[in-house]
Amino acid sequence: MKLARFTEGGRTRIGRVEGDEIVDLSDVDGVGDSMRALIATMPQMRDALASAEGARFDLAAVKLENPVNDPQKYLAIGMNYQKHAEEARDAGIPVPDGQFWFTKQVSCLNGPFDPVVKPAVSDQMDYEIELGVVIGTPCRNVAKADARKMIAGYVITNDISVRDWQKPAFTLGKSFDTCGPVGPWLTTDDEIADPLDLEMMLSVNGEERQRSKTGDMIHDIYDQIAHLSRVMTLMPGDILATGTPSGVGAAMGRFLQVGDVVRLEISGLGHIENPVVAEDADATCLTAN
Ligand code: MN
């Protein structure tokens, strides 16, 4: 099942993607406007969500939103593909032993086709395609063999990184507003035969920059869940960005520019595509609305 959040007629709700259409699920009992809440009730709701009918819209006629817009946590692992670890080391970023985790603040989350704002304070904004794992069940101290049962599904994530701010403080460089595009929808775990056998590809303005397979991870997604859950209770809706392969812009000295279009594809999950726009230099004090 592919569960999306979409806006149509000025109203945002949850729907099921079927081919080129989306089925509005907002009239189904138990479906509110929070994907996080829906994920938590998935064991009871799955059959109803899979079969319910509702208004149908062409996908092209609606705006797709970040499918998991209100997670409690957004964690990401660094240097988790061998060739990327090597290019990071060459760029002066120390590569630690074991799993290297950091936080992307949930405030950086962004929709699958929304603009990404290049910060005025940096010319080193960079892309990173990653398989996003969305947790389905509250869990702590998970054995690796049980880890897959804790997964609700998968999204494509772009771990956009502002490199000169990342060096002194990972969390800051990883958490600029709009620097967490996610989507295009939540593909539930039962739709994916093997999440460690997915093709991933990222391009900038049509030029391929990253291509790999999720099977090339150093620490696979089950090791990641086992490791993290030794520390904290993972909750439904939590997003784990599971590492990026080689080909990031920092390795080539080619950072994202205003006007660029970044497209990410992962087999079975669809694609996301975000244009890069300039920060409004006149807006010195913004009030969130
Ligand atoms: Mn990353």
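Let me sum up the structure you'll find in this document. The structure presented is a predicted model; accordingly, all values stated were derived computationally and were not measured.

This brings us to the coordination of the manganese ion. For the manganese ion, every protein donor is listed as Glu128 (OE), Glu130 (OE) and Asp159 (OD), and the spread of their distances is 2.0 to 2.1 Å. Motif for the manganese ion, donor spacing along one chain: E-x1-E-x28-D. Residue glutamate 128 is classed as buried on the basis of its relative accessible area of 4%.

So, about the side chain of threonine 178. Turning to its location among the elements, threonine 178 is positioned in the loop between helix H5 (170-173) and strand E14 (180-188). Overall, the relative accessible area of 18% leaves threonine 178 in the buried class. Within polar-contact distance, the side chain of threonine 178 engages the backbone nitrogen of valine 117 at 2.9 Å. Among residues more than four places away in sequence, those in contact with threonine 178 are Cys108, Asn110, Pro115, Val116 and Val117.

A cluster of nonpolar side chains, namely Val121, Trp165 and Leu172, defines an oily patch on the protein surface of about 280 Å² accessible area. Along the chain, tryptophan 165 turns up in helix H4 (residues 163-166). Judged by relative accessible area, tryptophan 165 falls into the partly exposed class, the value being 34%.

Let us look at unusual backbone geometry. The amide bond that connects glycine 183 to the next residue, proline 184, takes the cis arrangement and shows omega of 0°. Structurally, proline 184 is set in strand E14. Its identity is not glycine, yet asparagine 141 carries a phi of approximately 55°, on the positive side. Relative to the elements of secondary structure, asparagine 141 occurs in the loop between strand E11 (129-135) and strand E12 (151-158). The residue threonine 178 is not glycine, and still its phi comes out positive at about 75°.

The rules behind each value
Residues numbered from 1 in each chain as written. Predicted model: local features only at pLDDT ≥ 70, side-chain atom pairs only at ≥ 80, totals over all residues. Heavy atoms only, no water. Donors = N, O, S within 2.8 Å, 3.2 Å for Na, K, Ca; no water. Buried < 20%, exposed > 50% of the residue type's maximum accessible area, 1.4 Å probe, protein only. Helix = DSSP H or I, 4+ residues; strand = E, 2+ residues; numbered from the N terminus. Polar contact = N/O pair within 3.5 Å; in protein donor to acceptor, adjacent residues only side chain to side chain. Contact = heavy atoms within 4.5 Å. Patch = residues over 30% accessible without salt bridge, like charges linked within 9 Å, V, L, I, M, F, W, Y side chains within 5 Å. Areas by Shrake-Rupley, 256 points an atom, 1.4 Å probe, with all protein chains shown as cover. Salt bridge = Lys/Arg side-chain N within 4 Å of Asp/Glu carboxyl O.

Just distances and angles here, no functional claims.
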